[in-house]
Amino acid sequence: MAKEKTIYTCTECGGISPKWLGKCPHCNAWNTLIESVAENPGAVKNRYSTQRQGLAKASDVTALADIEATDMSRTPTGHEELDRVLGGGIVEGGVVLIGGDPGIGKSTLLLQALDSLQRAGLNTLYVTGEESGAQVALRSRRLGLDGSQVKVMAEIQLDKILATLEATQPAVAVIDSIQTVYSDLLTSAPGSVAQVRECAAHLTRAAKSSGVCIILVGHVTKDGALAGPRVLEHMVDTVLYFEGDTHSSFRLVRAIKNRFGAVNEIGVFAMTEKGLKGVTNPSAMFLSQHSEPVPGSCVMVTLEGTRPLLVEIQALVDDGGPNPRRLSVGLDRDRLAMLLAVLHRHAGVACMDQDVFVNAVGGVRISEPAADLAVMLAIASSLRGKAMPKGFLAFGEVGLAGEVRPAPRGQERLKEAAKLGFSVAVVPKANAPKKPIEGLTIHAVERIEEALDLVRSLQ
């Protein structure tokens, strides 16, 4: 009997190499080549001939203006925070990929969502490849989902899953997880790049042809990215990531890609004994509860998708000796070094011999440059040992020339701050509202030195 031929497949890009290499020759990623058995040529031929037979007749070429376009109807899942991330609810024929660390709550949230949809009268199906039906039922009892009529199927073979989808015609189906599903047409093991790509392609094709909304649960690597080839993210309509520490009760669900809604939307959940519950006021978890204002603290308003969130930026400046440290948590470290240089050159605030530590409270990651002004004011406050006034906030981008640039959607940021009881705001001049906002005193600045002088007069 001839020996089976082995190949090495890259888990990052899906590239194939005939021998093992430390670095992938296609994408130059290190330690990503995994040994697998080469596909049987007969099976490959059979697979593609089967696909060709199932293809429909090619559609006619039509002018864009002649195509009737209607808005996608959305079905709410019964969880407001999840609907926000999805863009309003699930879409008929949509494919959603959701990933996150083990034990962070992916299966819990989806089981709760399916139960809500089922109680609203929709036909639902939960396909589990990692647990038995009894384990899923036990979890539903723990979550308080008594009398749930969600249909459960413990299966990992792709053909049986597709046959069940065609026979039961559910409105929503969850595949937990895509890494456990395998196709008999491939000889590689479940979870391999080829199997994940092939099974996801078949399930996506089934969703588009039948109109069922399919939600795929994906494993993540140790770096936090979805396991398998990146082509998996290109196949689906929506990609969601679970974020947050498993030791914390709060979870963030972030939309990385969404063909039916805004990207970078976040939903905030709290893990309770009865599962995940939506947090209606997420700004409260990102703000420390100080009885009195403390030095080195400044509140800013950041945008996560379409949602304005108030986040506290904390800075600590201390004697550093000959080799001062620059450390930031939740903010870009290189940007911190740039802001310190701008502070020294244009505002006369020198931190050359000081350790500077900056932190975004609550574990949130801020990538937008609108945090610049709040970071610089917090550093200056910690260096001088004087706290900001009570109810103070600031936002704005700071350039290398010392100018304060506007942040997008400044009006919404200020209205959110006023709603939460903040009374004093320092903002870029271009973000100053034309009409006053009740309860909020707004100071518009053009340069960083102007902002620092203004804050000193308020302290």
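Residues numbered from 1 in each chain as written. Predicted model: local features only at pLDDT ≥ 70, side-chain atom pairs only at ≥ 80, totals over all residues. Heavy atoms only, no water.

Looking now at the sheet that holds strand S11 (residues 238–243). Here we have nine strands laid out as an open sheet, ordered S8-S7-S9-S10-S6-S11-S12-S13-S14, and mixed in their pairing. Pairing within the sheet leaves two strands with one partner each, and these edge strands are strand S8 (151–154) and strand S14 (275–278). The sheet shows a mean angle of 25 degrees between the axes of neighbouring strands, taken without regard to direction. Sheet topology places strand S13 (residues 266–272) next to S14; four bridges connect them, and they run antiparallel. Pairing of Met271 across the sheet is with Leu276, part of S14. Contacting strand S6 (95–99), strand S7 (124–128), strand S9 (172–176), strand S10 (213–218), S11, strand S12 (250–258), S13 and S14, helix H3 (residues 106–119) crosses the sheet at an angle of about 155 degrees to S7. (Pairing = 2+ DSSP bridges. Helix = DSSP H or I, 4+ residues; strand = E, 2+ residues; numbered from the N terminus. Axes fitted to C-alpha atoms, helices over the stretch in contact; angles between N-to-C directions. Contact = heavy atoms within 4.5 Å.)

With 50 residues, the main nonpolar core has Ile313, Val358, Ile366, Leu373, Leu377, Ile379 and Phe392 as its most contacted residues. Here this core gets eight residues from one element, more than from any other, and that element is helix H9 (residues 372–384). Apart from the residues within four sequence positions on either side, Ile313 is in contact with Gly296, Ser297, Cys298, Met300, Leu331, Val358, Asn359, Ala360, Ile366, Ala374, Val375 and Ala378. In this structure, Val96, Ile98, Leu117 and Val150 belong to the second largest nonpolar core, which totals 29 residues. (Core = buried A, V, L, I, M, F, W, Y, C linked by side-chain atoms within 4.5 Å. Buried < 20%, exposed > 50% of the residue type's maximum accessible area, 1.4 Å probe, protein only.)

It is possible for side chains of opposite charge to pair when their charged atoms get near one another. The final tally for this structure, using the stated rule, is 18 salt bridges. Here Lys208 makes a salt bridge to Asp237, at a shortest N to O gap of 2.6 Å. Separated by 29 residues along the polypeptide, Lys208 in helix H6 (residues 193–210) and Asp237 in the loop between helix H7 (231–235) and S11 bring together distant segments of the chain. A salt bridge links Glu368 to Arg413; its shortest N-O distance comes to 3.1 Å. Taken together, the positions of Glu368 in the loop between strand S18 (354–360) and H9 and Arg413 in helix H10 (residues 410–419) put the pair 45 residues apart, joining distant regions of the chain. An identical accessibility class is assigned to Glu368 and Arg413; each is buried. Among the charged side chains, a salt-bridge network with shared partners connects Arg335, Asp372, Glu397, Glu403 and Arg405. (Salt bridge = Lys/Arg side-chain N within 4 Å of Asp/Glu carboxyl O.)

Residues that lie three or four places apart on an α-helix share one face, since the helix turns once every 3.6 residues. The first and last C-alpha atoms of H3 sit 20 Å apart over 14 residues, in line with the 20 Å expected at 1.5 Å per residue. When you tally the buried positions in H3, you get twelve out of 14 residues, the bulk of the element. Along H3, the residues classified as buried are Lys106, Ser107, Thr108, Leu109, Leu110, Leu111, Gln112, Ala113, Leu114, Asp115, Leu117 and Gln118. In the stretch just after H3, Gly121 is the one whose phi turns positive, near 105 degrees. (Expected span 1.5 Å × (residues − 1).)

With that out of the way, let us pick up the pairing of S9. A large share of S9 lies buried, amounting to five of its five residues. Residues Val172, Val174 and Asp176 line one face of S9 and the alternating positions Ala173 and Ile175 line the opposite face, and both faces are buried. Taken together, the five bridges between S7 and S9 define a ladder with parallel strand orientation. Of the residues in S9, the one forming a bridge with Val127 is Ile175. By the bridge criterion, five bridges tie S9 to S10 in an arrangement that is parallel. Its bridge partner being in S10, Val174 is matched across the sheet by Ile215.

So, about the packing of aromatic side chains. Summed over the entire model, instances satisfying the criterion amount to zero aromatic pairs. Directly above the aromatic system of Phe395 lies the positively charged group of Arg413, at a separation of 5.5 Å from the ring centroid. (Phe/Tyr/Trp six-rings, centres within 6.5 Å; stacked < 30°, edge-to-face > 60°. Lys NZ or Arg CZ within 6 Å of the ring centre and 35° of its normal.)

The next subject is the confidence of the model for the protein chain. Looking at the protein chain as a whole, its pLDDT mean stands at 88, while 92% of the residues score no less than 70. When the criterion is pLDDT under 50, residues 48–55 qualifies, and its contacts beyond four places in sequence or with other chains add up to three contacts. (pLDDT = per-residue confidence, 0-100.)

Let's shift gears to the state of the cysteines. Scanning the entire structure with this criterion turns up zero disulfides. Left without a disulfide partner, Cys10 is nearest to the cysteine sulfur of Cys24, which lies 3.7 Å away. Among the residues examined, Cys10 registers a relative accessible area of 0% and is labelled buried. This cysteine, Cys199, is not joined by any disulfide, and Cys213 carries the nearest cysteine sulfur, 19 Å off. Taking the relative accessible area as the measure of exposure, Cys199 reaches 0% and is therefore buried. (Disulfide = S-S within 2.5 Å.)

To continue, consider the packing of helix H8 (residues 333–347) against H9. Where H8 contacts H9, the two axes come as close as 10 Å, and the packing angle between them is 65 degrees. As for the relative orientation of H8 and H9, their crossing is right-handed in sense. Facing H8, whose interface residues are Arg335, Leu336, Leu339, Leu340, Val342 and Leu343, H9 presents Asp372, Val375, Met376 and Ile379. Among the residues forming the contact of H8 with H9, the class breakdown is eight nonpolar, no polar and two charged. (Left-handed = near helix turned anticlockwise from the far one by under 90°. Nonpolar A, V, L, I, M, F, W, Y, C, P; charged D, E, K, R; others polar.)

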